[in-house]
Amino acid sequence: QPKTPTRDDGEFRDYSHSEISRDVATIKNSVVMHLTATFLRTPANIDSGQAYLASAFSVRDRLLQRWNLTNEYHDKIGAKRVYYMSLEFLIGRTFDNALLALGLREEYSKVLGDVGFCLEDIIDEERDAALGNGGLGRLAACYVDSMACSNYPGWGYGLRYKYGMFQQQILNGYQVEAPDCWLDSPNPWEFPRPDVTYPVKFYGHLVRDPQSEHRFKWESNVVYDAMAFDVPVPGYGTTNVGNIRLWSCKTNTLFDLNKFNSGDYQGATGGQVAAQILTDVLYPNDNTSEGKELRLRQEYLFCSATMQDILARFRKTNRPLSDLPDMAAIQLNDTHPTLAVPELLRILIDDEGLSWDEAWEITTRTFAFTNHTILPEAMEKWPVPMLDKILPRHMGIIYDINLFFLQTVEKQFPGDRELLRKISIIEESNPQQVRMAFLACVGSHKVNGVAAIHSDIIKQTIFKDFVRIQGEAKFINKTNGVSPRRWMNECNPDMSALLTEVVGDRSWVNDLTKLNQLEDRISDAGFRERWWAAKQKNKERLAEYILTTTGIKVSAHALFDVQVKRIHEYKRQLMNIFSVIYRYYQLKQMSPEQREQELHRVVIFAGKAASGYWVAKQVIKLINSVAEVINADDEIGDVLKVVFIPDYSVTAAEYIIPASDISQHISTAGTEASGTSNMKFVLNGGIILGTVDGANIEIGEEVGEEQIFFFGCLAHEVEDFRHYLRFNQPKPDAALQTAFDMIQRNTFGDAQLFQPLIDAIMRGGDVYLLSVDFPSYIQAHKAVEEAYRNHDEWVTKSILSVARMSKFSSDRSIQEYAEEVWNIEPQPVLNCGL
Ligand code: GPQ
């Protein structure tokens, strides 16, 4: 165990001279310095965009000091680090997050106020870093946040997409995609590192090493450069600053001097265009594998650069390669980074000269793998011919991994040919395919699902045989979590103030268990009133946001019923809109007097559909068509309003989530691995209407069954229903049939547009069991309305829920990973007064 240096023993650099100043005049100087020196402006002549940039750069200076300190310290004490490899990091905005973490929000507010700006407006100038699709990418961002806040030495690794998640516009009710040019203006939250650049090879051929039968030299002329950009991750209440290292494909090495000299100026840069494309765009698929060659090359660029970087850092320790697993734990965020496994083997064997057995031992002790879905369309498979062409050496290594694996299985279960066929990493289809989930599983020492039910399901389905072969202990559960920094402290200031009052200080931000003290206030009438007022204020803020983004005026006194997430058949936004149609029908049957007695409701949708996912896009069109008719119906007025908020994003979620009364998480049982927005809604005092699926189940266990509205069939019943519906017509109940009829009578425009959505149920086998769950869904809505009308009961539910949510802090998830998977410990940077 290396000795931990202290500030006095001369070994450790003294940072005290660069203490972060809280002095408003000093902060002002640094903002003005950036304004004049970085952006060539004068304080008398700036707009809010420039005020944002200058302020953000001055905050960044302070973060970078701590970034250096953190990494220098972790290097010095020889700390083991975790590397969280993810093709997606859905970060959102950073400015406000950094101000809160550094405790400088008041000070910057004052400085900006002095020059005539309001901090909230300045915060609004920042564009989201939207380098992810949905839950998987946001989870990665919450996890690096928790690592920093809990002082774990760890980095995220990802890609710096030039265009992030597309921007969604709604035109004539349809989703239209526009590019997300987020890097068009300077990005204060990245730090370019041209000195950290690695070459990454593609294509080419292999030459066998005459010295050794299993070593190869891989020769190729197609070499791209991957350059690092570091994104600091502010830790709240700690000096530690985390890091996300993002790779960008560098272009200038592909300049063709021969062409240039012969006068072909355009042709000389042809390579640049090709190189740029590798990190140009984020693939906009959620829970679906695209299978494009470009995506494979993107994945490999990522894996190769990351492994080279991790090994470069390891070599500086001068320890033998067999110590790598003692210095580095690598987590694979789904199968997208799985090529890191053969890449590490390749480097260890071909470049470092290790034997297969040595390299294999190091590799499997280093990697662990998280599965995030069991949807068949999301399972990554790459055709062998494609892999063989692009990465010939890796294809050979994968064959070897498979061979050795099958040999051990054959020894364990002699003569079981069927078993070998089922578990082979190579699927014997035409063409053959590499099953990436199997490769990731075999190459890792731990495999986990993301909620208890999901981890059970994967053990019974895709990894069933692997459990039998490799043992139960390898397959574990790590229920997801969310960061309380962003998903309470930042997005819900009024409720946060109440929590701080109850706890006595802000310590709950890094320790959600403290919220159990809320239970003591449950019968404090004054407190309950302020609790409700906080929710009400958030609803008014959202009503304002809805008005500016959609032009629709909604009443903040109605029940806010929210479903925001990627649009996907398994998430069943379609079932939601069918129930809205049925509700509309019922309201139309009533007399005006009766109608006014009904609970007023605003049904809020938001979410993006993958650009190539036609059904999901039609669902968006249906929602907008229904909204248009209902919102324009004077008889209905405020009794029912339907809103589709365009361009859902992390920032939009920060407005929407704190304002919900009820939120819907209604996937067909067994299909949503976990869900994470469900946790955010409940943490913000909203109640869930949901199926017995994913983390809904564990949320129910924690907050109590009275605090959650469950409905629908159970996961173990799904297979039988599906089987029945393959051979029998679905029988929609009267309510669902009414919704179909309304659509087919052209109530919401041309029925032809929506017939395919009805057909998917009535003729397509109703794979997601809408006809099965609809009756209990309508019942659950009734139960929600009744409960909401009992105001006192509702406030109690809301407070109790928040009090009992500590399990769903990502700090808890990260601590479990650290202790059970990564074997790393918190290493708080010595307190140097920073
Ligand atoms: N998830 Cl495979 C995604 O957001 N994208 C994906 O491509 C895959 C999974 C989600 C999953 O659907 C949610 O249930 C999880 O809560 C989330 O990953 C994080 O684990």
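Residues numbered from 1 in each chain as written. Predicted model: local features only at pLDDT ≥ 70, side-chain atom pairs only at ≥ 80, totals over all residues. Heavy atoms only, no water.

Asks: Would you mind going over the overall build of the protein in detail, with residue names and values included?
Replies: For the protein, the count of helices and strands is 34 helices and 24 strands. Taken against the 2.2 N^0.38 rule, which gives 28 Å for 834 residues, the C-alpha radius of gyration of the protein at 28 Å falls within 12% of a compact globule. If you line up the protein on its principal axes, its C-alpha atoms span 90 × 75 × 65 Å. Counting over 834 residues, the protein shows a buried share of 60%. Restricting the contact set of the protein to residue pairs at least 6 apart, pairs at least 24 apart contribute 77%. Charged side chains of the protein number 86 positive and 111 negative; the gap between the two group centres comes to 2 Å. (Helix = DSSP H or I, 4+ residues; strand = E, 2+ residues; numbered from the N terminus. Rg over C-alpha atoms; globule rule 2.2 N^0.38 Å. Buried < 20%, exposed > 50% of the residue type's maximum accessible area, 1.4 Å probe, protein only. Contact = heavy atoms within 4.5 Å. Lys, Arg positive; Asp, Glu negative; His and termini not counted. Charge placed at Lys NZ, Arg CZ, Asp CG, Glu CD.)

Asks: Give me the lowdown on the sheet that holds strand β16 (residues 433–435), citing residues and values where you can.
Replies: Spatially, β14-β16-β15 is the arrangement adopted by the three strands of the open sheet, whose pairing is antiparallel. Strands with a single pairing partner mark the edges of an open sheet, and in this sheet they are β14 (381–383) and β15 (426–427). In this structure, β14 lies alongside β16, joined through three bridges in antiparallel fashion. Paired with W382 across the bridge in β16 is V434. (Pairing = 2+ DSSP bridges.)

Asks: Break down the layout of surface pockets for me, citing the residues and quoting the values.
Replies: There is about 670 Å³ of room inside the second largest pocket. Taken together, 23 residues form the lining of the second largest pocket, with D96, R105, E490, P493 and R541 sitting closest to its centre. Elements with a contribution of two residues or more to the lining of the second largest pocket: α3 (95–102), α4 (105–114), α5 (119–123), α20 (484–490), α21 (493–503), α22 (525–550) and α26 (650–656). Considered class by class, the residues forming the lining of the second largest pocket number six nonpolar, four polar and 13 charged. (1 Å grid on protein atoms, 1.4 Å probe; cavity = no way out; pocket = protein on both sides within 12 Å on 5 of 7 lines; lining within 4 Å. Points joined across faces, edges and corners; volume = space filled by probe spheres on them. Nonpolar A, V, L, I, M, F, W, Y, C, P; charged D, E, K, R; others polar.)

Asks: Quick rundown of the site of the ligand? Include the residues and the values.
Replies: The ligand sits among 17 residues. The nearest are N287, H372, N480, E672 and G675. Take D286: an N or O atom from its side chain is 3.0 Å from an oxygen atom of the ligand. One nitrogen or oxygen atom from the main chain of N287 is found 2.8 Å from an oxygen atom belonging to the ligand. Bound to the protein, the ligand loses 96% of the 450 Å² it would expose on its own. Its residues assigned to classes, the shell around the ligand comprises five nonpolar, nine polar and three charged. Looking at which domains feed residues into the shell around the ligand, each of domain 1 (78–93 + 128–479 + 818–822) and domain 2 (552–792) supplies at least three. (Near = heavy atom within 4 Å. Polar contact = N/O pair within 3.5 Å; in protein donor to acceptor, adjacent residues only side chain to side chain. Areas by Shrake-Rupley, 256 points an atom, 1.4 Å probe, with all protein chains shown as cover. Domains from an automatic or database assignment.)

Asks: Go over the packing of aromatic side chains, please, and point to the residues and values.
Replies: In the structure shown here, the tally under the stated rule is 31 aromatic pairs. Judged by centre distance (5.6 Å) and plane angle (85°), the rings of F202 and Y300 are edge-to-face. With a gap of 98 residues between them, F202 in strand β7 (residues 191–202) and Y300 in helix α10 (residues 293–315) connect regions that are remote in the sequence. The same class applies to F202 as to Y300, namely buried. Their ring planes at 15° and their centres at 6.2 Å tell us that W356 and W360 sit as a pair that is stacked. On the criterion of helical spacing, the pair formed by W356 and W360 is a turn pair, its members being four residues apart in helix α13 (residues 356–366). Looking at W360, the relative accessible area reads 22%, which means it is partly exposed. Here the aromatic cluster, defined as three or more aromatic residues joined through ring pairs, consists of W67, Y83, W155, Y157, Y198 and W247. (Phe/Tyr/Trp six-rings, centres within 6.5 Å; stacked < 30°, edge-to-face > 60°.)

Asks: Describe in detail helix α18 (residues 452–460), supporting the description with residues and values.
Replies: Among the residues making up α18, those that are buried are I453, H454, S455, I457 and I458. At its buried positions, α18 is contacted by β17 (447–449), α19 (464–470), β18 (475–477), α28 (696–703) and α29 (715–727).

Asks: Quick rundown of the packing of helix α2 (residues 48–76) against α3? Include the residues and the values.
Replies: Relative orientation of the contacting elements α2 and α3 amounts to 50°, with a least axis distance of 10 Å. On the basis of their axis angle, the class for α2 and α3 is oblique. Remark: the crossing between α2 and α3 carries left-handed chirality. For the pair α2 and α3, the contacting residues are Y52, S55, A56, V59, R62, L63 and R66 in the first and F95, A98, L99 and L102 in the second. Taken together, the residues of the contact of α2 with α3 sort by class into eight nonpolar, one polar and two charged. (Axes fitted to C-alpha atoms, helices over the stretch in contact; angles between N-to-C directions. Parallel < 35°, antiparallel > 145°, perpendicular 65-115°, else oblique. Left-handed = near helix turned anticlockwise from the far one by under 90°.)

Asks: Pulling in residues and values, what's your account of the domain arrangement of the protein?
Replies: Along its sequence, the protein is organised into domain 1 (78–93 + 128–479 + 818–822) and domain 2 (552–792). The C-alpha centroid of domain 2 is placed 36 Å from the C-alpha centroid of domain 1. In this assembly, 36 residues from domain 1 lie in contact with 38 residues from domain 2. Buried surface at the junction of domain 1 and domain 2, summed over both partners, amounts to about 2700 Å²; 55% is from carbon and sulfur atoms. Three residues, Q168, Y174 and I453, lead the burial of domain 1 against domain 2; their summed loss comes to 21% of the area buried on that side. Where domain 1 meets domain 2, there are one salt bridge. (Buried area = accessible area lost by both parts, 1.4 Å probe. Salt bridge = Lys/Arg side-chain N within 4 Å of Asp/Glu carboxyl O.)

Asks: Any details on the packing of helix α23 (residues 573–589) against helix α32 (residues 770–789)? Residues and values, ideally.
Replies: Interhelical geometry of α23 versus α32 gives an angle of 60° and a closest axis separation of 10 Å. When the interaxial angle is binned, α23 and α32 end up oblique. The interaxial crossing formed by α23 with α32 has right-handed handedness. Contacts between α23 and α32 pair L574, M575, N576, F578, S579, Y582 and R583 from the former with L770, D773, F774, Y777, I778, H781 and E785 from the latter.

Asks: Tell me what's going on with the environment of G353, and back it up with residues and numbers.
Replies: Mapped onto the fold, G353 is located in the loop between α12 (340–351) and α13. For G353, a relative accessible area of 38% translates into the label partly exposed. Not counting residues up to four positions away in its chain, the partners in contact with G353 are R215 and L348.

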